[in-house]
Amino acid sequence: MAQLSATLYTSHVPAIGVAIDLARDDDPYWKPVFDGYAATRRWLAAHTPDVVVMVYNDHATAMDYSMVPPFALGVSDRFEIADEGWGRRPVPDPLGHPALARHLVHRLMANGFDMAVLHHPKVDHGLSVPLSLGFGRVSAWPCRVIPLMVNVVHAPVPTAARCLALGQALGAAIRSYGEELNVQVWGTGGMSHQLQGPGAGYINSRFDRWFLDELMARPDALASLSHEAFVEQAGTEGAELTMWLVARGAQMVFQADGQRFDELHRHYHVPASNTAVGHLLLAQRVEEKA
Ligand code: DHB
Ligand code: FE
């Protein structure tokens, strides 16, 4: 049976990827950002999963704005890192896990989520920056990756409640995979930021800190927020935070089974580029054998 060993939540600011690629770790601007991920990197190195289901939004890379499905899943065995306009990041292409990805598509469809299936999507900073934050500079990623894309960029977008429900269906789908597999679900994007319009540069630390508290304690309450409430409180791009609810929903399924998850690490820092960086690591408690 597949296990959910952790859920991880992180911003995916593209400039962080550039700073990692240029080894700017000790630069005074970036050091406080990267210091906040050090404990998580150590934990991941000791608890590397077989597969990460990466919940993120495509930023008009795999799909242009002529057609953006609410939810899409990548089923190929390899995902090419995209050139987003400033050259391809010097990071390896993530390898997929087609067998689990196809199982997830089938189970999600059987449970009310008609996923768009992407056979050869290119992947952008939404996927590659979280991988770099978690695993550092590597010549090959230490696990397989399944991209799960959520439309948060082109109205109308799925509600927070729908994202939480997708996560619950995802958790059940992972749990029903017959092979032994260590899976993690990472929710990415956010925290508060706005890249455009009169409110560009907007950040709301009060909301972000409340969101971090509520994500652990009351995910249902977050799921009742409207998309407008996310935009008002977290900024137009802060609405990416609805994607964190997909990972949290997956964890709820395993918690309902009696598994306990501990908050191993939390980090919050303003700003990185235009964004409030937030990060949480929730790991399954492994009971000591008596
Ligand atoms: C920034 C943040 C994002 O989430 C993104 O997708 C692009 C840019 C930024 O802060 O610059
Ligand atoms: Fe983004």
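For the structure given in this document, a descriptive report is provided here. (Residues numbered from 1 in each chain as written. Chains lettered and ligands numbered in written order. Predicted model: local features only at pLDDT ≥ 70, side-chain atom pairs only at ≥ 80, totals over all residues. Heavy atoms only, no water.)

A word on the pattern of salt bridges
Turning to step 1, where the next piece is worked out: For the coordinates displayed, the defined rule picks out eleven salt bridges.
Turning to step 2, where the next piece is worked out: Two residues, R266 and D213, come together in a salt bridge whose shortest N-O distance is 2.9 Å. Within this pair, whereas R266 is found in strand β7 (residues 261-272), its partner D213 is found in helix α7 (residues 205-217), the two being separated by 53 residues in sequence.
Turning to step 3, where the next piece is worked out: Under the relative-accessibility criterion, R266 is labelled partly exposed at 33%.
Turning to step 4, where the next piece is worked out: For D262, the salt bridge goes to R285, with nearest N and O atoms at 2.7 Å. Highlighted residues: D262 in strand β7 and R285 in the segment after β8 (275-284), separated in sequence by 23 residues.
Turning to step 5, where the next piece is worked out: In the salt-bridge network here, residues are joined through shared partners; they are R78, R88 and D93. (Salt bridge = Lys/Arg side-chain N within 4 Å of Asp/Glu carboxyl O. Helix = DSSP H or I, 4+ residues; strand = E, 2+ residues; numbered from the N terminus. Buried < 20%, exposed > 50% of the residue type's maximum accessible area, 1.4 Å probe, protein only.)

Things to note about the side chain of H193
Turning to step 1, where the next piece is worked out: Note that H193 resides in the loop between β6 (181-188) and α7.
Turning to step 2, where the next piece is worked out: Sequence-distant contacts of H193, that is, excluding residues within four places in its chain, are made with Y202, A234, G235, T236, E237, G238, E240, N274 and T275. (Contact = heavy atoms within 4.5 Å.)

Brief notes about the coordination of the iron ion (ligand 2)
Turning to step 1, where the next piece is worked out: Every protein donor of the iron ion (ligand 2) is listed here as H12 (NE2), H59 (NE2) and E240 (OE), and their distances to the metal cover 2.0 to 2.4 Å.
Turning to step 2, where the next piece is worked out: In the primary structure, the donors to the iron ion (ligand 2) are separated according to the pattern H-x46-H-x180-E. Remark: E240 occurs in the loop between α9 (227-234) and α10 (244-256) and H12 occurs in the loop between β1 (2-10) and α1 (14-21); sequence separation between them is 228 residues.
Turning to step 3, where the next piece is worked out: Accessibility expressed as a relative area gives 3% for H12, which makes it buried.
Turning to step 4, where the next piece is worked out: Of the residues examined, E240 reaches a relative accessible area of 5% and is grouped as buried. (Donors = N, O, S within 2.8 Å, 3.2 Å for Na, K, Ca; no water.)

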